[in-house]
Amino acid sequence: MKKINRAIAAAALAATGLTALASVAHAETVLRLDEVPVGELDPAKASDYADSILMFNVYDTLVFAGQGAPGMVPDLAASWETDGTTFTFKLRDDVKFQSGNPFTSADVVYSFERMKALGQGLSYLFTDVTSAEAVDEHTVKFTLAKPYAPFLAALVRLPIVDKKLVEENTTGDDWGQAYLSTHSAGTGAYSVTSHNPQSETVMAKNPSYFQEMDAAAPDTVRLRYGLEAATVRTLVSQGEHDITSQWLPPEVLASLAKDGNQLLTEHGNGAFYIKLNTAKAPFDDVNCRLAVSNAFDYQSALKLIAVTPEVSQGKVPTGAIPAQMLGGNPNGEPLKQDLAKAKEFLSQCKYNPADTEVEISWIAEVPIEERFALLLQANMQQLGFKSKITKMPWALFVDAVTKPETTPNVSQVNVASVTGDPDTLLYGMYHSSAAGTWQSPEYLKDEEVDKLLDQGRAATSEEERAAAYTALNKRLMEIAPSIYAYDSQAVFAASNKVKVPALSDDSKRISLDSAGFQFRLMEMQP
């Protein structure tokens, strides 16, 4: 009898243990991270870093940047072919939207036409695309007005939406904007369960996602917006936050690392630009721009962004184009302060520096920019310039730069290639047709720059493109519409509960900014 009771007790204990293990195995994991500024959920309007994180998780595209290797790989497309002005894609036939609706070529055509009609976000990437045609249910053809070398890379910014679902939630001719500003309609690995663009977006894992997903990928993701650096530091220290944004001051990142948190890095396809308004005095004079460019203390700038002796938020610049990018100068001399040359250019400027007060702005949500404003102010003072420093919230800055007269003399912005191609880094900043956005407060009008940017788009070989961008790099250095402070490297502090190979393992990195934040590639501990 005792033996039977013991056996029953042992069985009950084993069952209890198995139940406990099952409970642990199925415990929900929650990833908490933050970004600035406000997250834009409508994929046709997405343009900045926070928007991109949302888009790359909720939506898919025909092609995407490869992991651990350069170039584009199939995503929603199974294959493609081109003759230079037409691109024909064979689509996967095993994909469904999060709604359960099947993915077809009609969704691709609708997504393209919607982006063109709205004309927002990165729609300018598709200016030369004259049509998208559904050849059959799983074949789509794009026709271009002329050869456009970056087209394949640009497709990473054409997220495919669920035509049927969006049309069911469209009022009038708004293309479902109201609906997509608060709901998701993609095929992505995560769906949106709630969205407040001022505070937080909550996403849940899509159990029927068609691509590989790490078994330990987070079940729920909470992306928070606009947290103060001190708040983030406290939350991480208390175990209530998992990954910080890249915008924390370096000493905060260093402190978190010292506390035992890991540092993640994204090598980036961009730079930190100190932008000079060329449409009004004193920087409508090229000699004045060259004077302050040469007066800028590049070495001190790098010290401002050092996190640890081994990790920094940037690398020394060698020109207007990041060293690792097509047209960049990887073997060039690092830019450095040259006060003698600065004063020589200043002597040829038509303005007396003492007669003009220069407004130096910085973005309120990125506090380290204040330090760069103070550094530039000190450098300009060495040339005799008077200046004032203005703190501007992101929303106010974006509105101010829509007109040259309301744009500050000096702006500070991190800009990256949103497709990994130099076209999407440089065209939106420096082509005269693109002026008036947060990327282009320089208001540059230069015929040679426009010509070279257009050549970079139209060239049919990599060699021709490289030649165009190399010449562009040289021209931009000659006319100095911006001060090229440093080549960017994003640094994030993260708790040890999360593993992010795409931001820590060189063999698994993705050559596209924010693509390392695909949550399906992460591993979370309960």
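Look above for the structure.
Conventions adopted
- Residues numbered from 1 in each chain as written.
- Predicted model: local features only at pLDDT ≥ 70, side-chain atom pairs only at ≥ 80, totals over all residues.
- Heavy atoms only, no water.
- Helix = DSSP H or I, 4+ residues; strand = E, 2+ residues; numbered from the N terminus.
- Contact = heavy atoms within 4.5 Å.
- Phe/Tyr/Trp six-rings, centres within 6.5 Å; stacked < 30°, edge-to-face > 60°.
- Buried < 20%, exposed > 50% of the residue type's maximum accessible area, 1.4 Å probe, protein only.
- Pairing = 2+ DSSP bridges.
- Axes fitted to C-alpha atoms, helices over the stretch in contact; angles between N-to-C directions.
- Salt bridge = Lys/Arg side-chain N within 4 Å of Asp/Glu carboxyl O.
- Parallel < 35°, antiparallel > 145°, perpendicular 65-115°, else oblique.
- Left-handed = near helix turned anticlockwise from the far one by under 90°.
- Nonpolar A, V, L, I, M, F, W, Y, C, P; charged D, E, K, R; others polar.
- Core = buried A, V, L, I, M, F, W, Y, C linked by side-chain atoms within 4.5 Å.

Participant: Requested: an account of the environment of E333, with residues and values cited.
Facilitator: Mapping E333 onto the fold places it in the loop between β13 (314-315) and α11 (339-346). Linking E333 and T318, residues 15 residues apart in sequence, is a C-alpha distance of 5.8 Å. Look past the residues within four positions of E333 in its chain and what remains in contact with it is P317 and T318.

Participant: I'd like a rundown of the packing of aromatic side chains, residues and numbers included.
Facilitator: Aromatic ring pairs: the centre-centre distance and the angle between the two ring planes describe each pair. Tallied over the full model, the rule gives 21 aromatic pairs. The interplanar angle of 85° and the centroid separation of 6.5 Å between the aromatic rings of F126 and F151 together place this pair among those described as edge-to-face. Of this pair, F126 sits in the loop between α3 (105-118) and β6 (129-136) while F151 sits in helix α4 (residues 151-154), placing them 25 residues apart in sequence. Its relative accessible area of 1% is what places F126 among the buried residues. For the ring pair F272 and F372, a centre distance of 4.9 Å and an interplane angle of 55° mean the geometry is tilted. With F272 in strand β12 (residues 270-276) and F372 in helix α12 (residues 368-381), this pair connects stretches of sequence that are 100 residues apart. Summarising the burial analysis for this pair, F272 and F372 share the class buried.

Participant: Outline the sheet that holds β6, listing residues and values.
Facilitator: The antiparallel open sheet is built from four strands, whose spatial order is β4-β5-β7-β6. Of all strands in the sheet, those bounded by a partner on one side alone are β4 (77-82) and β6. The average undirected angle you get between the axes of adjacent strands in this sheet is 20°. With six bridges joining them, β6 and strand β7 (residues 139-144) adopt antiparallel strand pairing. Across the sheet, the residue bridging to V129 is L144, located in β7.

Participant: Help me get a handle on the pattern of salt bridges, residues and values and all.
Facilitator: In total, this model carries 15 salt bridges according to the counting rule given. D423 serves as the salt-bridge partner of R457, at 2.7 Å between the closest nitrogen and oxygen. One end of the pair, R457, is in helix α15 (residues 447-458); the other, D423, is in helix α14 (residues 422-430), with 34 residues separating them in the sequence. Neither R457 nor D423 differs from the other in exposure class; each is buried. By sharing partners, the salt bridges in this structure join D446, E448, R475 and E478 into a single network.

Participant: Could you give an account of the packing of α15 against helix α16 (residues 462-479), with specific residues and numbers?
Facilitator: Relative to each other, α15 and α16 sit at 160°, their axes nearing to 8 Å. One element, α15, and the other, α16, form an angle in the roughly antiparallel class. For the pair α15 and α16, the sense of crossing is left-handed. Within the contact between the two elements, α15 uses E448, V449, L452, L453, Q455, G456 and R457 and α16 uses R465, A468, Y469, A471, L472, R475, L476 and I479. Residues belonging to the contact of α15 with α16 are distributed by class as follows: nine nonpolar, two polar and four charged.

Participant: Could you give me a rundown of the packing of helix α7 (residues 229-237) against helix α8 (residues 250-258), with the residues and numbers involved?
Facilitator: It is the contact of α7 with α8, at a shortest axis distance of 11 Å, that shows an interaxial angle of 5°. The angle between the axes of α7 and α8 places the two elements in the roughly parallel class. Mapping the contact onto sequence places R233, V236 and S237 in α7 and V252, S255 and L256 in α8. A breakdown of the residues in the contact of α7 with α8 according to their chemical character gives three nonpolar, two polar and one charged.

Participant: Before we move on, can you summarise the nonpolar core with the specific residues and values?
Facilitator: Counting 70 residues, the largest nonpolar core has L62, F89, F126, F142, F151 and I243 as its most contacted members. No other element matches the six residues that α3 contributes to this core. Apart from the residues lying within four places of it in its own chain, the contact partners of F151 are F87, F89, F126, V129, F142 and L144. Membership of the second largest hydrophobic core comes to 63 residues, among which are I321, F372, Y469 and L472.

Participant: Any details on the sheet that holds strand β8 (residues 190-196)? Residues and values, ideally.
Facilitator: Strand order in the open sheet formed by four strands is β1-β10-β9-β8, with mixed pairing between adjacent strands. Here the strands that pair on one side only, and so sit at the sheet edges, are β1 (30-35) and β8. The average undirected angle you get between the axes of adjacent strands in this sheet is 20°. The sheet contact formed by β1 and strand β10 (residues 220-225) spans six bridges and is parallel. If you follow L33 over to β10, its bridge partner there is L223.

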